[in-house]
Amino acid sequence: MCGIVGYIGHREAYPIILQGLQRLEYRGYDSAGIALYDGDHLKVCKTKGKVEDLKNRLESEISTKGTIGIGHTRWATHGVPNDINSHPHISNSGNLVIIHNGIIENYDPLRQELINRGYSFQSDTDTEVLVNLIEDVKSKENVKLGKAVQIALNQTIGAYAIAVFDKTKPNEIVVARLGSPLAIGVGDDEFFIASDATPFIEYTNNAIYLEDGEMAVVRNHKELEIRKIKDDSLVDPYIQELQLNLEQIEKGGYDHFMIKEIYEQPDAITDTFRGRMKTKEGIIRMAGIDDNIDKFLNARRIVVVACGTSWHAGLVAEYIFEEFARIPVEVEYASEFRYRNPVIYEDDVVIAISQSGETADTMAAIKLAKEKGAFVFGVCNVVGSSISRETHAGAYTHAGPEIGVASTKAFTTQITILTLIALKLAKLKGKLSLTEFRTYLQELESIPAKVAEALKSNEQAIRVAAQYKDVANALYLGRGYNFPVALEGALKLKEISYIHAEGYPAAEMKHGPIALIDEEMPVVVIATRQGHYEKVVSNIEEIKARSGKIIGIVSKGDTEVKKLADHVIEIPETLEPFTPLLTTIPLQLLSYHIAVMLGKNVDQPRNLAKSVTVE
Ligand code: M6R
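Owing to the predicted nature of the structure, the values given are computational and were not obtained by experimental measurement.

### Let's talk about the environment of valine 382
Mapped onto the elements, valine 382 comes out in the loop between β21 (375-380) and α14 (386-390). For valine 382, a relative accessible area of 22% puts it in the partly exposed group. Sequence-distant contacts of valine 382, defined by excluding residues within four places in its chain, comprise Trp75, Gln355, Ser356, Ser388 and Tyr396.

### Notes on the site of the ligand
Near the ligand, the surroundings consist of 15 residues, among which Ser310, Ser354, Ser356, Thr359 and Glu495 are the closest. One of the side-chain N or O atoms of serine 310 is found 2.5 Å from an oxygen atom in the ligand. With respect to the ligand, the side chain of lysine 492 contributes an N or O atom lying 3.0 Å from an oxygen atom. Out of a free accessible area of 410 Å², the ligand has 92% covered by protein chains. If you list the elements that add at least two residues to the shell around the ligand, you get α11 (308-324) and α19 (483-497). Class assignment for the residues of the shell around the ligand results in 5 nonpolar, 8 polar and 2 charged. Per-domain counts for the shell around the ligand show at least three residues from each of domain 2 (257-432) and domain 3 (452-615).

### A look at the domain arrangement of the protein chain
Partitioning the protein chain into domains gives domain 1 (3-245), domain 2 (257-432) and domain 3 (452-615). Distance from the C-alpha centre of domain 2 to the C-alpha centre of domain 3: 25 Å. Taken together, the contacts link 38 residues of domain 2 with 34 residues of domain 3. Roughly 3,000 Å² of surface becomes buried between domain 2 and domain 3 when both sides are summed, with 68% attributable to carbon and sulfur atoms. The largest share of the area that domain 2 buries against domain 3 comes from Met258, Tyr319 and Val405, three residues that together contribute 21% of it.

### Quick word on the packing of aromatic side chains
Scanning all chains against the criterion turns up 10 aromatic pairs. Here the aromatic rings of phenylalanine 296 and phenylalanine 375 are separated by 5.9 Å at their centres, their planes lie at 85°, and the arrangement is edge-to-face. With a gap of 79 residues between them, phenylalanine 296 in helix α10 (residues 293-297) and phenylalanine 375 in strand β21 connect regions that are remote in the sequence. Judged by relative accessible area, phenylalanine 296 falls into the buried class, the value being 1%.

### Description of the nonpolar core
Ranked by internal contacts, the top residues of the largest apolar core, which has 88 residues, are Phe321, Ile351, Phe377, Leu423, Leu444 and Tyr476. Per-element tally for this core: the top contributor is helix α15 (residues 409-428), with 10 residues. Taken domain by domain, the makeup of this core includes at least three residues from each of domain 2 (257-432) and domain 3 (452-615). Contact partners of tyrosine 476, with chain neighbours within four places excluded, come to Ala486, Gly489, Ala490, Leu493, Ala501, Glu502, Gly503, Tyr504, Val524, Leu587 and Leu590. Counting residues in hydrophobic clusters, the runner-up holds 27 residues, among them Tyr119, Ile134, Ala148 and Val164.

### A look at the pattern of salt bridges
Close approach of charged atoms allows side chains with opposite charge to pair. For the coordinates displayed, the defined rule picks out 34 salt bridges. In this structure, the salt-bridge partner of arginine 338 is aspartate 361, at a minimum N-O distance of 2.5 Å. Of this pair, arginine 338 sits in the loop between α12 (334-337) and β20 (348-354) while aspartate 361 sits in helix α13 (residues 360-371); the two residues are 23 residues apart in sequence, bridging distant segments of the chain. Classification of arginine 338 as buried rests on a relative accessible area of 18%. On the basis of relative accessibility, which here comes to 13%, the residue aspartate 361 falls in the buried class. Across the salt bridge formed by glutamate 570 and lysine 562, the nearest N and O atoms sit 3.0 Å from each other. One continuous salt-bridge network, built from bridges that share partners, spans Lys147, Glu225, Arg227 and Asp232.

### Describing the pairing of strand β23 (residues 473-478)
With 5 of its 6 residues buried, β23 lies for the most part within the structure. Where β23 and strand β24 (residues 500-505) come together, 6 bridges link them in parallel fashion. Each bridged residue has a counterpart across the sheet, and for leucine 475 the counterpart in β24 is glutamate 502. The parallel pair β23 and β24, bridged by α19, forms a crossover whose chirality is right-handed. Inspection of the sheet shows β23 paired to strand β25 (residues 522-527) by 3 bridges, in the parallel sense. Its bridge partner lying in β25, leucine 477 is registered against valine 525.

### Focus on the sheet that holds strand β1 (residues 3-8)
Pairing within the open sheet is antiparallel, and its 8 strands lie in the order β3-β2-β4-β1-β10-β9-β11-β15. Looking along the sheet, the strands with just one partner apiece sit at the ends: β3 (42-48) and β15 (240-241). Direction of pairing for β1 relative to strand β10 (residues 191-194): antiparallel, over a ladder of 4 bridges. Each residue of the ladder has a partner; that of valine 5, found in β10, is alanine 194.

Reading the values: rules and limits
Residues numbered from 1 in each chain as written. Predicted model: local features only at pLDDT ≥ 70, side-chain atom pairs only at ≥ 80, totals over all residues. Heavy atoms only, no water. Helix = DSSP H or I, 4+ residues; strand = E, 2+ residues; numbered from the N terminus. Buried < 20%, exposed > 50% of the residue type's maximum accessible area, 1.4 Å probe, protein only. Contact = heavy atoms within 4.5 Å. Near = heavy atom within 4 Å. Polar contact = N/O pair within 3.5 Å; in protein donor to acceptor, adjacent residues only side chain to side chain. Areas by Shrake-Rupley, 256 points an atom, 1.4 Å probe, with all protein chains shown as cover. Nonpolar A, V, L, I, M, F, W, Y, C, P; charged D, E, K, R; others polar. Domains from an automatic or database assignment. Buried area = accessible area lost by both parts, 1.4 Å probe. Phe/Tyr/Trp six-rings, centres within 6.5 Å; stacked < 30°, edge-to-face > 60°. Core = buried A, V, L, I, M, F, W, Y, C linked by side-chain atoms within 4.5 Å. Salt bridge = Lys/Arg side-chain N within 4 Å of Asp/Glu carboxyl O. Pairing = 2+ DSSP bridges. Right-handed = clockwise from strand over helix to strand, strands pointing away.

Below you can see the structure in the form of structure tokens.
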């Protein structure tokens, strides 16, 4: 995920773009850059680091004059975050300059073709390939910039929101979108371009949101033309009146980063799949696995090391790996593993899971596992993070920046990627037929839409939250794949509302925790139809018999739990191994609303930090 901003009009572009980048920094903050045209020269300044670093550097290095410009804040996908890989990127002639949010999946063959035609590249990015492809088309076909962009984009596979201009014709900016958002602010004789409307809200509240597959040319401060990229047909611009105010916008219109991130999960999971899952062909492609496939296929065991929510994702993975790939799995707290001289074999594969890629205990566990000769694979969200560099190979979750301290989309995307790995290994080991494999992939593909449906339980979560916000304790129960979700649900409640909560395997309740149950105790029970349903229903009966309050997370259309529970929250049906991706959604919503009702600092809970870089 990256943030893009552009301006063409009668004002100085620099302050508008800089402020826009600050507002979009939630979308990525590993590097930033700006390109301005001052009437004579194209000036580009870019740097690794935050927008603040860019500001300091830019104001001392270049003049900030100019009424046309573009800017970018980056969440690295192709190429590590450094000055060279930062956007904007310039074409070989030095005339075209581009910013891009997305991934051009076929950039490698395109790059090769351009190299054969004499082009050279400075960065590792797909974006530099795109700007040179546009340049190549423009000169080969002798067409205007808009047409060249259109022809070039029709040769690409992937996702993009782009803005590009030509310094030899600095009266227009060409923008396009497919899979990444792009809004055009329509002012008086001026246009604003951005990933969302926040960068231009104080200048205009008229905005056009480009649809997927559309491009636009904004010209001469007044002209605007929208076309379909595929067939060149003209589109009537639909100008919306924005209902935003300045206070809301820093979180993209949400009250907190946490709720924004909860709602981002359908897209985040889709981004985790992107370019990896080919359902029709029955293929899962992941370079980090493909390049080391023998290590995985010959693994004696998989040992997961992680902390907190990432550890919970590892527990879900234990069920999934053992079920599908039939490889024994152990899941270790990294903080315990690192200090207990664990038995590690050279043919073990250690999987380190970490959203931030910076967690000190996980880092130390990786180093120990490497010393003991194991192959270490990282599952991280933050591109270029320490853990992603320290591991032998890995896979990014591509969830986009997670700013709220309570992990939400990191959890579901970690489970997603670990599921892809388990399914891939299962197929290669002959544990799943091609038909079974395809069935699982098809169902996985439907998960983002089902997560979106599960998010509709928000209103119910608010009602339940209002009733239980003042409790002192809560229990979370689940079985099988949903036992780790019970742990995660309890962690979410604890860390942001400061209510004591415990997660248990449902059947363990009668070995101790049942003593806690009385009419004051809410018990959140995950009781989907697919997983040990009758057993869980019996556990619910046991709680009911002791006057506990039941909040059931059930499959759509459930009738049995409904008869027993005080409240039920429905989620869509899916195959049992994928239920954690859905059952976790109402639990996230429930803890969020309880914390908000209690007036807690949801995004920055006390005593916590997003990256735990100390022991
Ligand atoms: O960045 P990591 O995934 O390595 O972080 C691990 C834990 O610190 C993290 O998951 C923590 O438990 C979250 N705040 C939970 O919401």
